[in-house]
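Topology and contacts: notes
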Amino acid sequence: MKGSTLTNGADTRSKGAARDLLSAYRLMLLSRKIDDKEIQLKNQSQAFFQISGAGHEAVLVAAGRHLRPGHDWFLTYYRDRALALTLGVTPLEMFLGSVGAADDPASGGRQMPSHWANRRLNIPSASSAVATQCLHGIGIAEAGRLYERIDAIPDRASKFQQDEVTLITIGEGSTSEGEFWESLNTACVRSLPVLYLVEDNGYAISTPVEVQTPGGDLSRVVESFPGLKVFRCDGTDYLASDDTMRDAVAHVRARKGPALVHARVVRPYSHSLSDDEKLYKTKEERDAEARRDPIVRLRDLILAEALASGEELARLLGDVEREVNAAADQALAAPKPEPDTATLYVFSPTVDPTSSAFETAPAPTGAPDTMVAAINATLRDEMARNPRMVVFGQDVADASREGALAKVPGKGGVFKVTHGLQKLYGGDRVFNSPLAEANIIGRAVGMALRGLKPVVEIQFFDYIWPAYMQLRDEMAMMRHRSNNGWSCPMVIRVPIGGYLRGGAPYHSQSGVAIFAHCPGIRLAFPSNARDAAGLLRTAIRCDDPVMFFEHKHLYRQTYNKAEYQGPDYMVPFGKASVVRDGTDVVIFTWGALVQRSIVAAQQAEKEGISAAIVDLRTIVPLDWDTIAAYTRKTNRVIVAHEDQMTAGFGGHIAARIGQELFDELDAPVTRVASLDCPVAYAPVLEEAILPGSADVLKAIRSVAAY
């Protein structure tokens, strides 16, 4: 670890060095005083949360001085106040966040303070979920490389800098998260211009570093990663930090590969105001940390080198305190958000995929073909139309070793949905990911933040859960938590469902309702080839994150084939399809239950019961108008879906019908769904667990007879 040295051997008494050190000292002091003022506001109930960057200031100011706001990219975490100030975030902007003001530029009062966001400075909206930003940083760095390489993007020159650096900051505790290791893996494999700054203050809240990191030394653990340059410094020593950050930034900017700076800092305040470090830190330990306070150390250096007098530093302190108090007063006077703005920006305010703009006329060509063929053709045409579109996931490429492409047929996914796309558009736009679902989604979020259009695949719905944090806390929330400052429009294609004969518990799940409970994600679920093409094109062209569920059983069925409807055919979201009209009972359904409901309705017709079938096609948004109209028309309702009965999405539909349309019902709303157990391997068990035509027919008879 570097000790304190005079920067580049220069005499700190020189005017330039003196100005630099005094400027750095002022930024560090400003950061600390904002922390102190926020604590005061919290104690006065004028702010509602506080978490400080105290003890981290020296290395963060050094980092900010060697990086370029608006040129480089910054994936930050909540200790980074001094970095944000150095990059250009103002004290007023910070206090607007503290008091939850409507004019808070980071979130409009939606996100906690100290979660930085600034589009002008290239600081994407920060999350409270630790380490998730690591994968966003990888996607952001990859996006710069893609803009550099894909000539077809019309305005690409304005989208990247040839020597840009992506800084990812993280605490040593957060390096225990899988996203950190997944990001490090990809940064090294792809030799990305990424710089990690690990701010190691020794504690993850109350858990000391040696309890969670082997040997208590993160840099020692990662130094054997191929292609990763590791730097170490005392992050409380400004001169040592400045030297280290200069070298690390230069390494990455010169395109020598990723680097990691391990900075040992201190945390002189508790984790947050919800924590009391005296409960787990001894007085001796706290006293030792106080002696390493970076502000005290730099002040002592300035005085020792006679760069300023005690009186001059006292005047500087007074100036900083006046600036902080004035900014706080101005923020306290700022208006709070209006209550009726709470639901704004869950989705795009400008692009509405339910509108007539997404209802285009079909131009059918060719013979009827399968859902797989329709999806493949849609991806092919959309990639031709939009050079910003990239496709990646597990096994989606034809062959990762491009030298083999001319000699092999190509993979194109386990279901061959993406077959041929890499051969058409190249390995920069169609490529395989590691076998890591969070890696796929997190990188796609980063790419989308920079204006690319990722269309990614999770190989099986059953394995989507490692990505749930990225889907729920990052992708879904990005636009809303940043008050429409940032968004990540992207598409996640997800093969889903059972009826496979042999799929068993880990290839047959259908948990749509879980994602319907995530505000900010649109959910589409086609039942046939025609709708698959039209809905997928809408998903790609809309401005929101979309999960596009593709039922594996439906991929190659003959009953749902259709002609390809042309390169501009779209089906608007939130518009159900009336598959079969009827007067006695209506079945609201989607996915594989559509065909099973048709078979049941045909049998019921022979028994004198007229059953209508409505294929909802999208779960979010829901076509409530059609649901209401057919409830009024038939007065008897069945909701049929493949997901389990308990907490399945059919329960929401049934509850809403009961609440809003109770007077229209002549019978209780009846649900048809899977048993509340995993789907089993043996075909006889799978058939017992999943709903079939016989179950739907039984419901039709029961409801009609009520």
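Position numbers for residues start from 1 in each chain and track the written sequence from start to end. For a predicted model such as this one, the threshold for reporting local features is a pLDDT of at least 70, and the threshold for listing and counting side-chain atom pairs is 80 or more; totals across whole chains, interfaces and linings nevertheless cover every residue. Hydrogens and waters are ignored; side-chain quantities use all the structure's heavy atoms.

1. Some thoughts on the sheet that holds strand 16 (residues 577–580)
Strand pairing in a sheet relies on backbone hydrogen bonds. The paired strands run either parallel or antiparallel. In plain terms, the rule: Any two strands with at least two DSSP-identified bridges between them are counted as paired. Starting at the N terminus, helices and strands are each numbered in turn, a helix being any DSSP run of H or I of at least four residues and a strand any DSSP run of E of at least two. For helices, the fitted axis covers only the stretch in contact; all axes are lines through C-alpha atoms, and the angles between them, taken along N-to-C directions, range from 0 to 180 degrees. Throughout, a contact is declared for two residues whenever any of their heavy atoms are within 4.5 Å.
Read from one edge to the other, the open sheet built from 5 strands follows the order 16-18-17-20-21, with strand pairing classed as mixed. Pairing within the sheet leaves two strands with one partner each, and these edge strands are strand 16 and strand 21 (670–674). Ignoring strand direction, the axes of neighbouring strands in this sheet form an average angle of 25°. By the bridge criterion, 3 bridges tie strand 16 to strand 18 (residues 611–615) in an arrangement that is antiparallel. By the bridge assignment for strand 18, Val578 is matched with Val614. Set on the sheet, helix 21 (residues 624–634) makes contact with strand 16, strand 17 (585–589), strand 18 and strand 20 (637–644); between it and strand 17 the angle comes to about 155°. Together, strand 17, strand 20 and strand 21 form the strand contacts of helix 22 (residues 649–660), whose direction differs from that of strand 20 by roughly 155°.

2. Remarks on the pattern of salt bridges
This is how it is decided: A pairing counts as a salt bridge when a side-chain nitrogen of Lys or Arg comes within 4 Å of a carboxyl oxygen of Asp or Glu. The cut-offs for exposure are 20% and 50% of the maximum accessible area for each residue type, with area from a 1.4 Å probe on protein chains only; residues under the lower value are buried, those over the upper are exposed, and the others partly exposed.
In this structure the tally under the stated criterion is 49 salt bridges. One salt bridge connects Arg388 with Asp155, and the closest N-O pair in it is separated by 2.3 Å. Placement of the pair is Arg388 in the loop between helix 13 (371–385) and strand 9 (389–393) and Asp155 in the loop between helix 5 (132–149) and strand 2 (166–171), with a sequence separation of 233 residues. What makes Arg388 buried here is its relative accessible area of 19%. Each of Arg267, Asp275, Glu277, Lys281 and Glu289 takes part in a single network of salt bridges with overlapping partners.

3. Concerning the layout of surface pockets
To find leftover empty space, a probe the size of one water molecule is rolled over the atoms. Convention followed: The definitions used throughout rest on a 1 Å grid laid over the protein atoms alone, on which a cavity is an enclosed set of points accommodating a 1.4 Å probe that cannot get out and a pocket is an open set flanked by protein within 12 Å on both sides along at least five of seven lines; lining residues are those having an atom within 4 Å of a point. Grid points are joined across faces, edges and corners, and a volume is the space filled by probe spheres set on the points. In the scheme used here, Gly and all other residues not listed as nonpolar or charged are polar, with Ala, Val, Leu, Ile, Met, Phe, Trp, Tyr, Cys and Pro taken as nonpolar and Asp, Glu, Lys and Arg as charged.
Roughly 380 Å³ of volume is contained in the largest pocket. If you trace the largest pocket, you find 19 residues lining it, with Arg388, Ala448, Arg450, Gly451 and Leu452 closest to the centre. Secondary-structure elements contributing two or more residues to the lining of the largest pocket are helix 15 (437–449) and helix 19 (529–541). Among the residues making up the lining of the largest pocket, the classes are represented as 7 nonpolar, 4 polar and 8 charged. Space inside the second largest pocket adds up to approximately 280 Å³. Forming the walls of the second largest pocket are 21 residues, and the residues nearest its centre are Gln509, Ser510, Gly511, Asp643 and Gln644. In terms of residue count, strand 20 provides more of the lining of the second largest pocket than any other element does, 3 residues in total. When grouped by side-chain class, the residues that make up the lining of the second largest pocket number 11 nonpolar, 8 polar and 2 charged.

4. Some thoughts on the pairing of strand 2
Most of strand 2 is tucked away: 6 of the 6 residues are buried. Of the two faces of strand 2, both are covered, the one formed by Thr166, Ile168 and Ile170 as well as the one formed by Leu167, Thr169 and Gly171. Bridge count for strand 1 (residues 73–75) against strand 2 is 3 bridges, and the pairing is parallel. If you follow Trp73 over to strand 2, its bridge partner there is Thr166.

5. Structural notes on the packing of helix 20 (residues 593–606) against helix 24 (residues 693–705)
For clarity, the threshold we go by: Oblique is the label for any angle not under 35 degrees, not over 145, and not in the 65 to 115 range, which are roughly parallel, roughly antiparallel and roughly perpendicular in turn. Should the near helix be turned anticlockwise from the far one by less than a right angle, the crossing is left-handed, and should it be turned clockwise, the crossing is right-handed.
Where helix 20 meets helix 24, the closest approach of the two axes is 8 Å, and the angle between their N-to-C directions is 50°. Judged by the angle between their axes, helix 20 and helix 24 are oblique. The element helix 20 and its partner helix 24 pack so that their crossing is right-handed. Contacts between helix 20 and helix 24 involve Leu593, Arg596, Ser597, Val599, Ala600, Ala601, Gln603 and Ala604 from the former and Ser693, Val696, Leu697 and Ile700 from the latter. Taken together, the residues of the contact of helix 20 with helix 24 break down into 8 nonpolar, 3 polar and 1 charged.

6. Re the side chain of Asn635
To be explicit about the condition: Whenever a nitrogen or oxygen atom comes within 3.5 Å of another N or O atom, the pair is scored as a polar contact, on the condition that within protein one atom can donate a hydrogen and the other can accept it, and that pairs from neighbouring residues in sequence are kept only if both atoms are in side chains.
Relative to the assigned elements, Asn635 resides in the loop between helix 21 and strand 20. Of note is the side chain of Asn635, whose polar atom sits 2.8 Å from the backbone oxygen of Glu664. Excluding anything up to four places from it in sequence, Asn635 contacts Tyr630, Glu664, Leu665, Asp666 and Ala667.

7. Re the packing of aromatic side chains
The condition that has to hold: Each Phe, Tyr or Trp ring (for Trp, its six-membered ring) is paired with any other whose centre lies within 6.5 Å, and the angle between the two planes then decides the class: stacked below 30 degrees, edge-to-face above 60, tilted in between.
The tally for this structure, following the rule as stated, stands at 18 aromatic pairs. Ring centres 5.1 Å apart and planes at 80° place the aromatic pair Phe180 and Trp181 in the edge-to-face group. Overall, Phe180 belongs to the buried group, its relative accessible area being 0%. Owing to a relative accessible area of 28%, Trp181 belongs among the partly exposed residues under this scheme. Taken together, a centroid distance of 6.2 Å and an interplanar angle of 70° make the contact between Phe461 and Phe549 edge-to-face. Taken as a pair, Phe461 in the loop between strand 11 (453–457) and helix 16 (468–475) and Phe549 in strand 14 (residues 546–551) lie far apart in primary sequence, 88 residues in all.

8. Examining the confidence of the model for the protein chain
Using the following cut-off: Per-residue confidence from the prediction method is given by pLDDT, with values spanning 0 to 100.
Scored by pLDDT, the protein chain comes out at a mean of 96, with 98% of its residues at no less than 70. Every residue in residues 1–10 is under pLDDT 50, and counting partners more than four places away or in other chains gives 25 contacts.

9. Topic: the environment of Ala532
Its location among the elements puts Ala532 in helix 19. Looking at Ala532, the relative accessible area reads 0%, which means it is buried. In this view, Ala532 contacts Met371, Ile375, Pro526 and Phe548; residues no more than four positions away in its chain are not counted.

10. Regarding the nonpolar core
Convention followed: Among the buried residues, those of types Ala, Val, Leu, Ile, Met, Phe, Trp, Tyr and Cys that are joined through side-chain atoms within 4.5 Å form a nonpolar core.
Counting 86 residues, the largest nonpolar core has Ile441 and Ile492 as its most contacted members. Sequence-distant contacts of Ile492, defined by excluding residues within four places in its chain, comprise Ile441, Val456, Ile458, Leu471, Met475, Val546, Met547 and Phe548. Listed in part, the 63 residues of the second largest apolar core include Leu21, Leu67, Tyr238 and Ala248.

11. Focus on empty space enclosed by the protein
Counted by the stated rule, this structure contains 5 cavities of 30 Å³ or more. Of the pockets and cavities examined, the largest cavity occupies roughly 130 Å³. What lines the largest cavity is a set of 16 residues, and nearest its centre among them are Glu93, Met94, Asp104, Ala106 and Trp116. Here the lining of the largest cavity is composed, by residue class, of 8 nonpolar, 6 polar and 2 charged.

12. Some thoughts on unusual backbone geometry
The general pattern is negative phi for most residues beyond glycine and trans for most peptide bonds. Residue Pro621 is bonded to the preceding Val620 through a cis peptide linkage, with omega at 5°. Looking at the secondary structure, you find Pro621 in the loop between strand 19 (618–620) and helix 21. A positive phi is found at Ser45, a non-glycine position, where the angle reads about 60°. Along the chain, Ser45 turns up in the loop between helix 1 (15–43) and helix 2 (57–66). The residue Ala131 is not glycine, and still its phi comes out positive at about 80°.

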